[in-house]
Amino acid sequence: MSQEPRHRTGTGAAEPPSRTVVVAGAGPSGLLLAGDLAAAGVHVVVLERRPEGVSNLTRAFGVHARTLELLDARGLADELVPTGQVIRELRLFGAIPFDIGQLPSRFPFLLVTPQYEVEKLLLRRALEQGATIRYGTEVHGLTQDADGVTVSVRDTDTDTDADTDADADPGRDTGTGGARGETTVRAAYLVGADGVRSAVREALGLPFPGKVVIRSVALADVKFTEEPELVVRVHGTGDAFGFIAPFGDGWWRVGGWDRAHRGQPDDSPLEFEELRSIIERAFGSDYGMHDPRWLSRFHSDERQVPRYRVGRVFLAGDAAHQHSPAGGQGMNTGLQDAANLGWKLAAVLGGWGDDTLLDSYHSERHPIGRAVLRTSGLNLRLAMAHNPLEVALRTLRKLVVTHVRPVTRQAVGEITGIGYSYPAPRGAGRDVGRRAPDLELDAGRLYELLREGRFVLALPAAAAAGAAADTRPADDDPADLLAGLADRKDRLVVARRTPPTDGGGDGNGGAATDAVLVRPDGYVAWAGPATADAVQAGLAPWIG
């Protein structure tokens, strides 16, 4: 009997193994990475252990501002926002309001939407760009050498006939050697985005140090008779804590924990009354909870691998780090891993990036993963505060975060992701490594131009007619400067800023008279004088 093929292939042309990247895992991180690579002309094979069409039930439900900016740079954010509820305030421990409505972003809010809505858009984009997704398969082992990686692939359902369309996967060995349902794929690089039980991480022999920080957290989607304010709340009493978040369609995500049930295993049945009681104790009301559409328990670990790169193999998302649920940063951190790694792999495979660029994936993302572990863990421990010292520390944090503006700004930047930056070279300008704001340019917004997957060079605005003086140095000929960049148009977009209304700078975009080079992932690579020599020197380390 004939079988439906167990892979989906986009429109991209086949490439040899030297131009192939295998991505393990079709969750948000893997799909964003696959879409970025395919858009850059790299052949991508995604291995996903789930059958096609099976929903990936997950705890993730919040998309923070920085992630929305990165989705905007892929033309997806405006389509995602209507699927959920916009939240402009986070309220922690009953008294710490995080006002995110004033963020310097096009998305000054948290979007509460199910993870499957994010995955749906990323899957569509990956397929449209030409990625191949092989469902019902997983990494079973790997070997690597100086030229590439050989990935052993095992079918997760060996009762299904093997996929016979080998042309979709260049480098795939369809020989009969090995166990039934096992094949190999040869690729230049492998990325493990296959979750907390990562087969890629296991094949590398990497440790995943850390510990369980909380057990038996109850979770459900419910409706309320008495709906609270449309804010995301986290509150605790010492013996119990709970959180609630609105999806905007009448359903609310609720979760909670109490000491009485802390030893329950994840597969222990969860009764609705248990969760209702926890929410009532945490918030003083159960808000008339009713009609749960599903109930579940989970435990949360805090773990991080020591290295995000081992030779030609990389780890991203939950395969590299696992966080407590406080702050809702897990999926967001993974998506930002993928955005950082994708353009670097594309640059190296395109011949204009070197191996040190790939090393920077670990040096940039590992510290941020560690910082997220620290802040999310602190928030969880404050929610569980029980003894007098812990309660006193929570009270002190309330006072500091509420009344000390720099601390408030830092806390909001960490939760939303817009406050994180990457290390800058010695002597670089103060904005290098920081998130680039959405500059208004003559060709459109910065994040619209980033949809092309290239660097963006933002030059100063042309002098207004009748202005007293042109701010460009006298020896800077714009025509000569632009002509000198013509041979790099495959990796660079050049645009001019629109004239500022106040004559000043624009946040991390540098002074209005500077040229600013923005990386494909939306971070400032270089900023300096808009002279031909300075611009050429600023471009050289990045795009040659």
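For the structure given in this document, a descriptive report is provided here. Residue positions are given per chain, counted from 1 along the sequence in the order it is written. Per-residue local features of the predicted model are confined to residues with pLDDT of at least 70, and side-chain atom pairs are confined, for both listing and counting, to 80 or more; whole-chain, interface and lining totals are unaffected and use all residues. No hydrogens and no water enter the side-chain calculation; it runs on all heavy atoms of the structure.

## A closer look at the sheet that holds strand 5 (residues 85–87)
Should DSSP find at least two bridges between two strands, the strands are regarded as paired. Put simply, DSSP marks the helices as runs of H or I at least four residues long and the strands as runs of E at least two long, and each gets a number from the N terminus on. Read across the open sheet, the three strands follow the order 4-8-5; overall the sheet is antiparallel. The open sheet has two edge strands, strand 4 (62–63) and strand 5, and neither has a second partner. As paired strands, strand 5 and strand 8 (residues 110–112) are joined by three bridges and run antiparallel to one another. If you follow Val86 over to strand 8, its bridge partner there is Leu111.

## Considering the packing of aromatic side chains
Stacked, tilted and edge-to-face are the three classes assigned to paired rings of Phe, Tyr and Trp, where Trp is represented by its six-membered ring and a pair needs centres within 6.5 Å; plane angles under 30 degrees give stacked, over 60 edge-to-face, the rest tilted. In the structure shown here, the tally under the stated rule is 14 aromatic pairs. Ring centres of Phe61 and Phe243 lie 6.2 Å apart, and the angle between their planes is 10°; on these two criteria the pair is classed as stacked. Separated by 182 residues along the polypeptide, Phe61 in the loop between strand 3 (43–48) and strand 4 and Phe243 in strand 17 (residues 240–246) bring together distant segments of the chain. Three exposure classes are used, based on accessible area relative to the maximum for each residue type with a 1.4 Å probe and protein chains only: buried under 20%, partly exposed in between, and exposed over 50%. Look at Phe243 and you get buried, because its relative accessible area is 11%.

## Some points on the side chain of Arg491
Positionally, Arg491 belongs in the loop between helix 12 (478–483) and strand 26 (492–496). Polar contacts involving the side chain of Arg491 include one to the main-chain carbonyl oxygen of Ile543, which spans 2.9 Å. Residues are treated as being in contact if the distance between any of their heavy atoms lies within 4.5 Å. Not counting residues up to four positions away in its chain, the partners in contact with Arg491 are Trp352, Arg454, Phe455 and Ile543. Between N or O atoms, a polar contact is any pair within 3.5 Å; within protein, one atom must be a potential hydrogen donor and the other a potential acceptor, and residues adjacent in sequence are included only when both atoms are from side chains.

## Regarding helix 4 (residues 115–129)
Every α-helical turn comprises 3.6 residues, leaving residues that sit three or four positions apart pointing alike. Every helix has an expected span of 1.5 Å times one less than the residues it contains. A rise of 1.5 Å per residue sets the reference length of helix 4, with its 15 residues, at 21 Å; its end C-alpha atoms lie 21 Å apart and thus fit the reference within 8%. Of the residues trailing helix 4, Gly130 is marked for its positive phi of about 115°.

## Some points on a nonpolar patch on the surface
A contiguous nonpolar surface patch, about 310 Å² in accessible area, is contributed by Leu389, Leu393 and Leu396. Among the secondary structure elements, Leu389 is positioned in helix 9 (residues 388–403). Taking the relative accessible area as the measure of exposure, Leu389 reaches 60% and is therefore exposed. In this analysis, a patch consists of residues with relative accessible area above 30% that form no salt bridge, clustered at 9 Å for like charges and at 5 Å for the nonpolar side chains Val, Leu, Ile, Met, Phe, Trp and Tyr. Values of accessible area rely on a 1.4 Å probe in the Shrake-Rupley scheme; residue burial ignores everything except the protein chains shown. Any carboxyl oxygen of Asp or Glu within 4 Å of a side-chain nitrogen of Lys or Arg constitutes a salt bridge here.

## Structural notes on the layout of surface pockets
Computed from the structure, the second largest pocket encloses a volume of approximately 600 Å³. The wall of the second largest pocket is formed by 22 residues, among which Pro104, Arg409, Gly413, Ile418 and Gly419 lie closest to the centre. If one sorts the elements of the lining of the second largest pocket by residue count, helix 10 (residues 405–416) sits on top with eight residues. Charged residues are taken to be Asp, Glu, Lys and Arg, nonpolar residues to be Ala, Val, Leu, Ile, Met, Phe, Trp, Tyr, Cys and Pro, and polar residues to be all remaining types, Gly included. Split by residue class, the lining of the second largest pocket holds eight nonpolar, eight polar and six charged. A pocket here means an open set of points on a 1 Å grid, computed over the protein atoms alone, that has protein on both sides within 12 Å along at least five of seven lines. A cavity is instead a set of points where a 1.4 Å probe fits but cannot get out; residues with an atom within 4 Å of a point line either one. Grid points are joined across faces, edges and corners, and a volume is the space filled by probe spheres set on the points.

## Section: the pattern of salt bridges
A side chain with one charge may pair with a side chain of the opposite charge, provided their charged atoms come close. Tallied over the full model, the rule gives 36 salt bridges. When the shortest N-O distance is used, the salt bridge between Arg66 and Glu69 registers 2.7 Å. Of the two residues, Arg66 and Glu69 are both situated in helix 2 (residues 65–72); the distance of three residues between them amounts to about one turn of the helix. Assessed through its relative accessible area of 0%, Arg66 is described here as buried. Measuring nitrogen to oxygen at the nearest pair gives 3.2 Å for the salt bridge that ties Arg491 to Asp490. According to the relative accessible area criterion, Arg491 is buried, its value standing at 16%. The network of salt bridges with common partners includes Asp72, Asp78, Arg106, Asp438, Arg445, Glu448 and Arg451.

## Considerations on the environment of Val254
As for its placement among the helices and strands, Val254 is situated in strand 18 (residues 252–258). Along the backbone, Val254 and Gly242 are twelve residues apart, and their C-alpha atoms lie at a distance of 7.3 Å. Ignoring anything within four residues of it in the chain, the contact list for Val254 reads Ala218, Leu219, Ala220, Val222, Phe224, Phe243, Ile244, Leu275, Ile279 and Met289.

## Some remarks on the environment of Pro108
In this fold, Pro108 is placed in the loop between strand 7 (96–99) and strand 8. In the structure, Pro108 is positioned 308 residues away from Thr416 in sequence and 9.2 Å away in space, judged by C-alpha atoms. Setting aside anything within four residues of it in sequence, one finds Pro108 in contact with Arg88, Ile100, Gly101 and Leu103.

## Some thoughts on the pairing of strand 16 (residues 232–236)
Looking down a regular strand, the side chains alternate between one sheet face and the other. For strand 16, a buried count of four out of five residues is recorded, marking the element as mostly surrounded by other parts of the structure. Of the pairings in the sheet, the one linking strand 16 to strand 17 comprises four bridges and is antiparallel in character. Along strand 17, the bridge assignment pairs Arg233 with Ile244.

## Quick notes on the side chain of Thr113
Position of Thr113 among the secondary structure elements: in the loop between strand 8 and helix 4. Given the relative accessible area of 0%, Thr113 is considered buried. One polar contact links Thr113 to Thr83, side chain to side chain, over a distance of 2.9 Å. Setting aside its immediate chain neighbours within four residues, Thr113 contacts Ala60, Phe61, Gly62, Val63, Leu80, Thr83, Gly84, Val118 and Phe247.

## Overview of the sheet that holds strand 25 (residues 455–459)
Judged by pairing direction, the sheet is mixed, and its four strands sit side by side in the order 26-25-27-28 without closing on themselves. Each having just a single partner strand, strand 26 and strand 28 (524–529) make up the two edges of the open sheet. Between one strand axis and the next, the sheet turns through 15° on average, direction left out of account. With five bridges joining them, strand 25 and strand 26 adopt parallel strand pairing. When the bridges of strand 26 are listed, Leu459 appears paired with Arg496. Together, strand 25, strand 26, strand 27 (514–518) and strand 28 form the strand contacts of helix 13 (residues 532–543), whose direction differs from that of strand 28 by roughly 165°. A fitted line through C-alpha atoms serves as each axis, taken over the contacting stretch for helices, and the angle formed by two N-to-C directions is quoted from 0 to 180°.

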